Amino acid sequence: MNVGDELPPLEVRITRAQLVRYAGASLDFNPIHWNENFATKVGLPDVIAHGMLTMALSGRIVTDWLGDPARLVDFSTRFTRPVVVPDNDEGALVEVTGKVGALTDEGLARIDLTVKFEGKTVLGKPQALVRP
């Protein structure tokens, strides 16, 4: 593992059906994640994905690349822009890229991610620390 190594890119689709399943699993039934009328009344363009769902799906780029999710030590980000999920079977396409940003003195590697929806970043400074 070397600084600059790129992870294979990942594309994930988030659908309304996934939002319903995630709401049930997380107990986050906020209507901005399933009710178009409510979402637009509070100023959103439409129903949006749960931030933690977007984060979790984005983290797959790291765990898939590592082959062993136990090598993931830490994963953090800030939520900067919503992922708008249309009411169709295709859902919202989220594109994830990543590369090794640094090797630490503790023997870990920092993986820097870029997570985009419609060409715009949706997660701020997403980073993972992993055991090489």
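Predicted model, so just to flag it, every value in this text is computed and none were measured. (Residues numbered from 1 in each chain as written. Predicted model: local features only at pLDDT ≥ 70, side-chain atom pairs only at ≥ 80, totals over all residues. Heavy atoms only, no water.)

**What about the overall build of the protein chain?**
Reasoning step 1: The number of helices and strands found in the protein chain is 3 helices and 6 strands.
Reasoning step 2: Counting from the amino terminus, the protein chain carries its helices and strands in the arrangement β-α-α-α-β-β-β-β-β.
Reasoning step 3: Projecting the C-alpha coordinates of the protein chain onto the three principal axes gives extents of approximately 50 × 30 × 25 Å.
Reasoning step 4: Out of the 132 residues in the protein chain, the part that is buried amounts to 36%.
Reasoning step 5: Partitioning the intrachain contacts of the protein chain with sequence separation of at least 6 by distance along the chain shows that 66% fall at a separation of at least 24. (Helix = DSSP H or I, 4+ residues; strand = E, 2+ residues; numbered from the N terminus. Buried < 20%, exposed > 50% of the residue type's maximum accessible area, 1.4 Å probe, protein only. Contact = heavy atoms within 4.5 Å.)

**Quick notes on unusual backbone geometry**
Reasoning step 1: The backbone of Leu27 shows a phi angle near 65 degrees, a positive value even though the residue is not glycine.
Reasoning step 2: Assignment of secondary structure puts Leu27 in the loop between α1 (16–26) and α2 (36–41).
Reasoning step 3: A positive phi angle, close to 50 degrees, is found at Lys125, a residue other than glycine.
Reasoning step 4: The class for Lys125 is exposed, based on a relative accessible area of 54%.

**Comments concerning the packing of α1 against helix α3 (residues 51–66)**
Reasoning step 1: Contact geometry for α1 and α3: axes closest at 10 Å, N-to-C directions at 105 degrees. As far as their axial angle goes, α3 and α1 are roughly perpendicular. Seen from α1, the contacting residues are Gln18, Leu19 and Tyr22; seen from α3, they are Met52, Leu53 and Leu57. (Axes fitted to C-alpha atoms, helices over the stretch in contact; angles between N-to-C directions. Parallel < 35°, antiparallel > 145°, perpendicular 65-115°, else oblique.)

**Some remarks on the UniProt feature "domain: MaoC-like" (unreviewed entry) in the protein chain**
Reasoning step 1: Taking the numbering used here, the UniProt-annotated feature "domain: MaoC-like" (unreviewed entry) corresponds to residues 10–100.
Reasoning step 2: Summarising residues 10–100: 36% helix, 24% strand, and an end-to-end C-alpha distance of 15 Å. (UniProt positions renumbered as here; feature names shortened; annotations may be inferred.)

**Here we look at the pairing of strand β1 (residues 10–14)**
Reasoning step 1: Of the two faces of β1, the one holding Leu10, Val12 and Ile14 is buried and the one holding Glu11 and Arg13 is not buried anywhere.
Reasoning step 2: In terms of strand pairing, β1 meets strand β3 (residues 92–103) through 5 bridges, oriented antiparallel. Looking at the pairing, Val12 lines up with Val94 of β3. (Pairing = 2+ DSSP bridges.)

**A look at the nonpolar core**
Reasoning step 1: If you look at the biggest cluster of nonpolar residues, it comprises 30 residues, and the most contacted ones within it are Ile14, Val62, Val83 and Ile111.
Reasoning step 2: Elements represented by at least two residues in this core include exactly β1, α3, β3, β4 (109–117) and β6 (123–130).
Reasoning step 3: Filtering out sequence-adjacent residues up to four positions away, Ile111 remains in contact with Leu7, Val62, Trp65, Lys99, Val100, Gly101, Pro126, Gln127, Ala128 and Val130. (Core = buried A, V, L, I, M, F, W, Y, C linked by side-chain atoms within 4.5 Å.)

**Structural notes on α3**
Reasoning step 1: For α3, with 16 residues, the first-to-last C-alpha span of 23 Å sits near the 22 Å given by 1.5 Å per residue.
Reasoning step 2: Maximum bend of α3: about 25 degrees, positioned at Arg60.
Reasoning step 3: Turning to α3, its buried residues number three or more, namely Leu53, Thr54, Met55, Leu57, Ser58, Gly59, Ile61, Val62 and Leu66.
Reasoning step 4: Turning to α3, the residues buried within the fold contact β1, α1, β2 (72–79), β3, β4 and β6.
Reasoning step 5: Looking at the residues trailing α3, positive phi occurs at Gly67, about 80 degrees. (Expected span 1.5 Å × (residues − 1). Bend = angle between axes of the 7 residues up to and from the residue.)

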